[in-house]
Amino acid sequence: MRLEQILWNLVRNALKFTPSGGRVEVSMSHKDGFLCVDVADTGQGIAPEFLPRVFDMFSQADTGAGRERGGLGIGLSLVRQLVEMHGGRIEAHSEGLGTGARFSLRLPEVPHSTQPATRRAQADTSALKGLRVLLVDDSVEGLAGFGALLELEGAQVRPERNGPDALAAAREGEFDLILSDVGMPGMSGYELIAELRKLPGMEAVPAFALTGFGRQSDAEQAIRAGFNAHLGKPVSLHALLGAIEHARLAKP
């Protein structure tokens, strides 16, 4: 199912940015133990300055026709997350605007005799299935993108855009995990977690701070405020799963 999502997203993206009369080509090959799938088009292309950021969440290029088609720009970020979960990699290639684009997907071929060991090396997302997550971020795109990724893996996500609404949600329902942005207007993530810890039943719920700052002092401040861990944005599923496992092992 995940491979279908990956491939459909790449093909749909190519169709989206290729005008009538253009061409979209999908090819497959085998190389150095990898299954290689290339999705190439003759469409809009990617500007050189945007190419290094094409897989970043919500960094959709602001280029005329592309903006007219709308969208949150979350597809390629989700694709990269899913590909990396399967031990693969994906790259984007383009000579510039108007020259088309090619996305190259590489997934490891797994001989039958080595399947169990390979699967162990891949991300085990079972910890997210059924998990009730309170996700707090003042960015609409951040909520939509990361929330969609968590829901793909079976989590039940309650998105909130600010601290007061998150507090209200915590009073109404029960949660197994709190994920909160730190730099929010009005009530910061540090202030939010301090208030959440005062609520009955929320004292020991694992809570992770999400921030674009990765300094040691930022991590220490998050812990002092009441978070269990500090995760840098953009948050990868591997990092999140590692933090969840660490929090579970740390329970008395």
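Residues numbered from 1 in each chain as written. Predicted model: local features only at pLDDT ≥ 70, side-chain atom pairs only at ≥ 80, totals over all residues. Heavy atoms only, no water.

### Let's talk about the overall build of the protein
So, point 1. Along the backbone of the protein there are 9 helices and 9 strands.
So, point 2. Sequence separation of at least 24 residues holds for 63% of the intrachain contacts in the protein that already meet a minimum separation of 6.
So, point 3. When the accessible surface of the protein is summed, it comes to about 13,300 Å², and 53% of that surface belongs to carbon and sulfur atoms. (Helix = DSSP H or I, 4+ residues; strand = E, 2+ residues; numbered from the N terminus. Contact = heavy atoms within 4.5 Å. Areas by Shrake-Rupley, 256 points an atom, 1.4 Å probe, with all protein chains shown as cover.)

### Regarding the pattern of salt bridges
So, point 1. If you walk through the whole model with that rule in mind, you get 7 salt bridges.
So, point 2. Between Arg132 and Asp176 there is a salt bridge, and its shortest N-O distance comes to 2.8 Å. With Arg132 in strand β5 (residues 132-136) and Asp176 in the loop between α6 (163-172) and β7 (177-181), this pair connects stretches of sequence that are 44 residues apart.
So, point 3. Assessed through its relative accessible area of 26%, Asp176 is described here as partly exposed.
So, point 4. Where salt bridges share partners, they join Arg132, Glu174 and Asp176 into one cluster. (Salt bridge = Lys/Arg side-chain N within 4 Å of Asp/Glu carboxyl O. Buried < 20%, exposed > 50% of the residue type's maximum accessible area, 1.4 Å probe, protein only.)

### Examining the sheet that holds strand β1 (residues 24-31)
So, point 1. Strand order across the open sheet formed by 4 strands is β1-β2-β4-β3, with antiparallel pairing between neighbours. Both edges of this open sheet fall to β1 and β3 (89-93), since each of them pairs with a single strand only. The average angle at which neighbouring strand axes cross in this sheet is 15 degrees, direction not considered.
So, point 2. As paired elements, β1 and strand β2 (residues 34-41) share 8 bridges and run antiparallel to each other. Pairing of Val24 across the sheet is with Asp41, part of β2. (Pairing = 2+ DSSP bridges. Axes fitted to C-alpha atoms, helices over the stretch in contact; angles between N-to-C directions.)

### Details of the packing of α6 against helix α7 (residues 189-196)
Two packed helices can be described by the angle between their axes and the distance between those axes.
So, point 1. Where α6 meets α7, the axes come as close as 10 Å, and the angle between the chain directions of the two elements is 20 degrees. By the criterion of interaxial angle, the relationship of α6 to α7 is roughly parallel. Viewed along their axes, α6 and α7 form a crossing whose handedness is right-handed. Residues Gly163, Ala166, Leu167 and Ala170 of α6 pack against Leu192, Glu195 and Leu196 of α7. (Parallel < 35°, antiparallel > 145°, perpendicular 65-115°, else oblique. Left-handed = near helix turned anticlockwise from the far one by under 90°.)

### Looking at the nonpolar core
So, point 1. In terms of nonpolar packing, the biggest core is built from 45 residues, with Phe103, Phe146, Leu150, Leu179, Phe208 and Leu240 touching the most fellow members.
So, point 2. Among the nonpolar cores identified, the runner-up in size contains 23 residues, and Ala169, Leu192, Met202 and Ala209 belong to it. (Core = buried A, V, L, I, M, F, W, Y, C linked by side-chain atoms within 4.5 Å.)

### Describing the sheet that holds strand β9 (residues 229-232)
So, point 1. Strand order across the open sheet formed by 5 strands is β6-β5-β7-β8-β9, with parallel pairing between neighbours. The two strands at the open ends of the sheet, each matched to only one other strand, are β6 (156-160) and β9. Each neighbouring strand pair of the sheet contributes to a mean axis angle of 20 degrees, computed without reference to strand direction.
So, point 2. Running at roughly 140 degrees to β6, α6 makes contact with β5 and β6 of the sheet.

### Thoughts on the packing of aromatic side chains
So, point 1. Inspection of every chain in the model, using the stated rule, returns 1 aromatic pair.
So, point 2. For the ring pair Phe55 and Phe103, a centre distance of 6.0 Å and an interplane angle of 85 degrees mean the geometry is edge-to-face. Of this pair, Phe55 sits in the loop between β2 and α2 (65-68) while Phe103 sits in strand β4 (residues 101-108), and the two are 48 residues apart along the sequence. Residues Phe55 and Phe103 agree in their burial class; the two are buried.
So, point 3. For the cation-ring pair, Arg89 lies above Phe34, with the distance from its terminal atom to the ring centre recorded as 5.1 Å. (Phe/Tyr/Trp six-rings, centres within 6.5 Å; stacked < 30°, edge-to-face > 60°. Lys NZ or Arg CZ within 6 Å of the ring centre and 35° of its normal.)

### Comments concerning the environment of Val205
So, point 1. One can find Val205 in the loop between α7 and β8 (207-211).
So, point 2. Given the relative accessible area of 7%, Val205 is considered buried.
So, point 3. In this structure, the C-alpha to C-alpha distance between Val205 and Ala247, residues 42 residues apart in sequence, is 9.5 Å.
So, point 4. When residues no more than four places from it in sequence are discounted, the contact partners of Val205 are Phe175, Asp176, Leu177, Ile178, Arg197 and Asn228.

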